[in-house]
Amino acid sequence: MNEFKKFIAKGNVLEMAVGLIMALYFGAIIKSLVNDIIMPPVGIILGGVDFSDLKIILQSAVIETSPGAGDALKEVAISYGLFINAIITFLIVAFSIFMVVKGYNKMKEKMAKKEEEKPAAPAAPSKEEVLLTEIRDLLKK
């Protein structure tokens, strides 16, 4: 329990929560981008195909024989069009994250180079140099 308290107190939980919220909404934006912007033109190019409607029907839906009978069956299908949309969404998210990490690494590299380029502070004079300087100053007087 103490270890958990230390973990929460460090602020890691807050950083993870912010990251999770950002990822959730970033994923929603990308999903909308794929479903609403990218896939409609791709569907038109492929002959008017709506990827969200692509599926293999395993069992057709059966409507109720009479209202309230409860004998209706839902359609059972393999929705491979939605799976294709999910794959495209994943690829876009993965590429976006790759570009962010690549930019971060490049920025980190530049900052490391700047640190290396900074001239090193001059070394403190040795005891001999200090002693010789004192002797010189005394001789000048």
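Everything discussed here concerns the structure shown above.
Okay, so let's go over this structure. (Residues numbered from 1 in each chain as written. Predicted model: local features only at pLDDT ≥ 70, side-chain atom pairs only at ≥ 80, totals over all residues. Heavy atoms only, no water.)

1. Observations regarding the overall build of the protein chain
For step 1, the next point in the chain: The helix and strand inventory of the protein chain stands at four helices and two strands.
For step 2, the next point in the chain: Along its sequence from the N terminus, the protein chain presents helices and strands in the succession α-α-β-β-α-α.
For step 3, the next point in the chain: Radius of gyration (C-alpha) of the protein chain: 33 Å, far over the 14 Å computed for a compact globule of 141 residues.
For step 4, the next point in the chain: On the principal axes, the C-alpha backbone points of the protein chain span a range of 120 × 50 × 20 Å.
For step 5, the next point in the chain: Evaluated residue by residue, the protein chain yields a buried proportion of 7% over its 141 residues.
For step 6, the next point in the chain: Accessible surface computed for the protein chain: about 12300 Å², of which carbon and sulfur atoms make up 68%.
For step 7, the next point in the chain: Here the protein chain carries 17 positive and 16 negative side-chain charges, and the mean point of each set is 9 Å from the other. (Helix = DSSP H or I, 4+ residues; strand = E, 2+ residues; numbered from the N terminus. Rg over C-alpha atoms; globule rule 2.2 N^0.38 Å. Buried < 20%, exposed > 50% of the residue type's maximum accessible area, 1.4 Å probe, protein only. Areas by Shrake-Rupley, 256 points an atom, 1.4 Å probe, with all protein chains shown as cover. Lys, Arg positive; Asp, Glu negative; His and termini not counted. Charge placed at Lys NZ, Arg CZ, Asp CG, Glu CD.)

2. Remarks on helix H3 (residues 80-117)
For step 1, the next point in the chain: With 38 residues, H3 should cover 56 Å at 1.5 Å per step; its first-to-last C-alpha distance of 55 Å lies within 8% of that length.
For step 2, the next point in the chain: Looking only at H3, the buried set comprises Gly 81, Asn 85, Thr 89, Ile 92 and Val 93. (Expected span 1.5 Å × (residues − 1).)

3. Examining the packing of aromatic side chains
For step 1, the next point in the chain: Taken as a whole and assessed by the stated rule, the structure comprises one aromatic pair.
For step 2, the next point in the chain: On the numbers, 6.5 Å between centres and 35° between planes, the contact of Phe 95 with Phe 98 is tilted. Of this pair, Phe 95 and Phe 98 are both found in helix H3, three residues apart, which corresponds to roughly one turn of the helix.
For step 3, the next point in the chain: Among the residues examined, Phe 95 registers a relative accessible area of 52% and is labelled exposed.
For step 4, the next point in the chain: For Phe 98, a relative accessible area of 46% corresponds to the partly exposed category. (Phe/Tyr/Trp six-rings, centres within 6.5 Å; stacked < 30°, edge-to-face > 60°.)

4. Some points on the environment of Pro 122
For step 1, the next point in the chain: Within the fold, Pro 122 resides in the loop between H3 and helix H4 (127-140).
For step 2, the next point in the chain: According to the relative accessible area criterion, Pro 122 is exposed, its value standing at 75%.
For step 3, the next point in the chain: Along the primary structure Pro 122 and Ala 9 are separated by 113 residues, whereas in three dimensions their C-alpha atoms are 41 Å apart.

5. Description of the environment of Thr 133
For step 1, the next point in the chain: Note on placement: Thr 133 falls in helix H4.
For step 2, the next point in the chain: You can call Thr 133 partly exposed: its relative accessible area is 34%.
For step 3, the next point in the chain: Sequence separation between Thr 133 and Ile 45 is 88 residues, and the spatial gap between their C-alpha atoms is 84 Å.

6. Points about the nonpolar core
For step 1, the next point in the chain: Among the nonpolar cores identified, the biggest contains six residues, and these are Ile 30, Val 34, Met 39, Phe 51, Ile 92 and Val 93.
For step 2, the next point in the chain: Those elements that place two or more of their residues in this core are helix H2 (12-45) and H3.
For step 3, the next point in the chain: Per element, the largest residue contribution to this core is three residues, and it comes from H2.
For step 4, the next point in the chain: Residues contacting Val 34, with those up to four places away along its chain left out, are Met 39, Pro 40, Asn 85, Ile 88, Thr 89 and Ile 92. (Core = buried A, V, L, I, M, F, W, Y, C linked by side-chain atoms within 4.5 Å. Contact = heavy atoms within 4.5 Å.)

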